[in-house]
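Residues per chain, in single letters:
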Amino acid sequence: MRSLATTGAPLPQEAVGPLIRGLAVLRELAAAEGHRPVGDLVRATRLARSTVDRVVSTLACTGYLRLEGRNAVLAPRLMELGNSYLAACRLPDLLGPLAEDLAGKLDESVSIAVPDRDGVRFVHQSTRRRAMSLTFRIGDRLPAERSAPGALFAAEWTAEDWERWRLCREADPLDTGFPTVPHGHAHGAASFEARTAAACERGWSLDDQLIEPGLVAVAAPVRDAAGRQACAVSVVSHTSRHSAESLRDAVLPRLRETVAAMEHALNAPPPPAAAPTDATPASWAKGSKQELGTEFVESLARGLSILTAFGQGHPELSLTAVAEATGLARATARRSLITLEHLDYVASEGRLFRLTPRVLELGFAHLSRLTLPQIAQPHLVSLVEHVHDSASMAVLSGDDIRYVARVPTVRIMSVNITLGTSFPAYATSMGRVLLAGLPAEERAARLARTNLEPLTRHTVTSAEKLAGILERVERDGYALVDEELEEGLRSIAVPLHDRGGRVVAAVNVSMHAGRSTVERSLEDLLSPLREAAARIEADLHIAGRHARIPVA
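Starting from 1, residues in each chain are numbered consecutively following that chain's sequence as written. Totals for whole chains, interfaces and linings use all residues, but because this is a predicted model, local features are given only for residues with pLDDT of at least 70 and pairs of side-chain atoms are given and counted only at 80 or more. Water and hydrogen atoms play no part in the side-chain values, which are based on all heavy atoms of the structure.

*Asks:* Quick question: what am I supposed to make of the packing of helix 12 (residues 319-326) against helix 13 (residues 330-342) here?
*Replies:* Interaxial angles span 0 to 180 degrees and are taken between N-to-C directions of axes, which are lines fitted to C-alpha atoms, for helices over the stretch in contact. Runs of H or I in DSSP of at least four residues are treated as helices and runs of E of at least two as strands, each being numbered from the N terminus. The geometry of helix 12 relative to helix 13 is characterised by a closest axis approach of 9 Å and an angle of 110 degrees between their N-to-C directions. In terms of orientation, helix 12 lies roughly perpendicular with respect to helix 13. Seen along the crossing, helix 12 lies across helix 13 with a hand that is right-handed. Here helix 12 contributes Leu319, Thr320, Val322 and Ala323 to the contact with helix 13, which in turn contributes Arg330, Ala333, Arg334 and Leu337. Oblique is the label for every angle not falling under 35 degrees (roughly parallel), over 145 degrees (roughly antiparallel), or within 65 to 115 degrees (roughly perpendicular). Two helices crossing with the near one rotated counterclockwise from the far one by less than a right angle form a left-handed crossing, whereas a clockwise rotation gives a right-handed crossing. In what follows, a contact means two residues having at least one pair of non-hydrogen atoms within 4.5 Å.

Spelled out as structure tokens, the structure:
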């Protein structure tokens, strides 16, 4: 793969081998869009099968991947690593709202990218939904010579950087090391130095279909207080709407205004350092070697935990600070930092260390495109395996609920519901959880306009009684509906909350009412249902820190 990193440098004597091998497995999984048979990982990494098995076992224990049959699958918790970089650099938090505002005013997609060796890597996307729209993800990396930001960043390259770029260009002329761009379309190299000089002189850069035919962009740099380029902002369009020149003429004035606002936000004094909001105790940290198993590679888990020591309010850390944040011995932290710096995931200046954008290559781009149903599915599978009843997830769709995830159980008598099925919200457990999660005024307005038809002889049809039920559901945090939607059908539901505490979906367990009493159903099912919902929420909160996670 093309890289300006010193990949040819000799391996430091203090390097942690298991950490190097674990990161190699993560990179291969990320390159395979998040899932790959373990046997294929052995062939791709050229590691021993026993080594890959131990790496996979360790990553599963830390929650960074899961095993589905013979496949290793990246899990949303892995996004903790990328979140640490994004929070530390502050660019999405500070500049993302300004990019969203610019995209709205121009009705065009807006991207924020940072330099990453001989490429540029996206850290924020504000896209417009069209038939021909931008499909790059947060964490995706493009060749510098095939992007508008690349010509801006190259203006600050040293002679050594340029020589490395030429060597990389010669070694990979078709850009096979950049899986997000079309291969064999690499025609930007010949003009790159001239475009870099022009960008340096003008203060902006054009991409006229360099990434792929039909895509045009104009970019401008955002500089920090020292005058260095912290990132670049691109406005991206399609040739069906603009030529490169007409896009420049249409957007450059507003782009410059936004850049000025971004530089003001970026260079304002940062708030006092605070503890990272996403930090959760690692499940393996409290376990003994006997509890974790002989397959657990502690040095790999420790090395990855160092990446999560950085974050909001902690963009740079000393060795001592890293050791204190992770609870590791200073010598252990030092060896891991040396290894991560050799692999270009960490950079140092003096006694301070910081994360590099390369951390985002560890699966962030793939995982940032997950939907809430995809996040929930493995947890619903585990729930069904535990309770032996069907589990589902639904969202509000008008005055109905719509099923967006479901795992049926295997019984002679089971509840047969397919994805996309809709039911009246007022007569279902998930609907009542979702209605109870609405603001009081909106909830009252919905009840006022809903025709409460009796679907069975048990259906609540009194608006006043239903309002009282919803208040109790809001207070208790669950809803139980017994034979109100269909005779013989009972279900229990709990809410799912986003990072802001808003109820965005509901999960339930459904069963035949004749198998148990209401009291026994609650006793047996409510606790595991809540535990499953808590695991889904934990993944959603991590995945949604810097990425938009569709709920359906």
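*Asks:* Looking at this structure, how should I read the pairing of strand 14 (residues 400-407)?
*Replies:* When a strand is regular, its side chains alternate between the sheet's two faces. Accessible area is worked out with a 1.4 Å probe on protein chains only. A residue is then buried under 20% of its type maximum, exposed over 50%, and partly exposed in between. Extensive coverage of strand 14 is indicated by the burial of 6 of its 8 residues. Across 7 bridges, the pairing between strand 13 (residues 390-397) and strand 14 is antiparallel. Following the sheet pairing, alanine 394 is matched in strand 14 by tyrosine 403. Counted along the chain from strand 13 to the antiparallel partner strand 14, the turn is 2 residues long, and its residue glycine 398 has a positive phi close to 70 degrees. Here strand 14 pairs with strand 15 (residues 422-424) via 3 bridges, running antiparallel. Bridge pairing links arginine 402 to serine 422 in strand 15. DSSP bridges decide pairing: two strands pair if at least two such bridges lie between them.

*Asks:* Any chance you could explain the sheet that holds strand 5 (residues 119-126) here in plain terms?
*Replies:* Sheets are built from strands that pair by backbone hydrogen bonding, the pairs being arranged parallel or antiparallel. Ordered in space as 6-5-4-9-8-7, the 6 strands form an open sheet in which the pairing is antiparallel. The sheet terminates laterally at strand 6 (141-143) and strand 7 (205-208), the two strands that pair on one side only. Across the sheet, the mean angle from the axis of one strand to that of its neighbour is 30 degrees, orientation sign disregarded. Sheet analysis places strand 5 next to strand 6, joined by 3 bridges and oriented antiparallel. What sits directly across from arginine 121, in strand 6, is arginine 141.

*Asks:* What is the right way to read helix 4 (residues 79-89) from this model?
*Replies:* An α-helical segment advances 3.6 residues per turn. Residues three or four places apart therefore align on the same side. Where burial is concerned, most of helix 4 is hidden: 11 out of the 11 residues are buried. Taken residue by residue, helix 4 has Met79, Glu80, Leu81, Gly82, Asn83, Ser84, Tyr85, Leu86, Ala87, Ala88 and Cys89 as its buried positions.

*Asks:* Help me out: how do you make sense of the pattern of salt bridges in this one?
*Replies:* Close approach of charged atoms allows side chains of opposite charge to pair. For this analysis, a salt bridge means a side-chain nitrogen from Lys or Arg found within 4 Å of a carboxyl oxygen belonging to Asp or Glu. In this structure the tally under the stated criterion is 40 salt bridges. Between arginine 146 and aspartate 175 there is a salt bridge whose closest N-O contact spans 2.9 Å. Of the two residues, arginine 146 sits in the loop between strand 6 and helix 6 (148-154) while aspartate 175 sits in the loop between helix 7 (159-171) and helix 8 (192-202), which places them 29 residues apart along the sequence. Both residues of the pair, arginine 146 and aspartate 175, count as buried.

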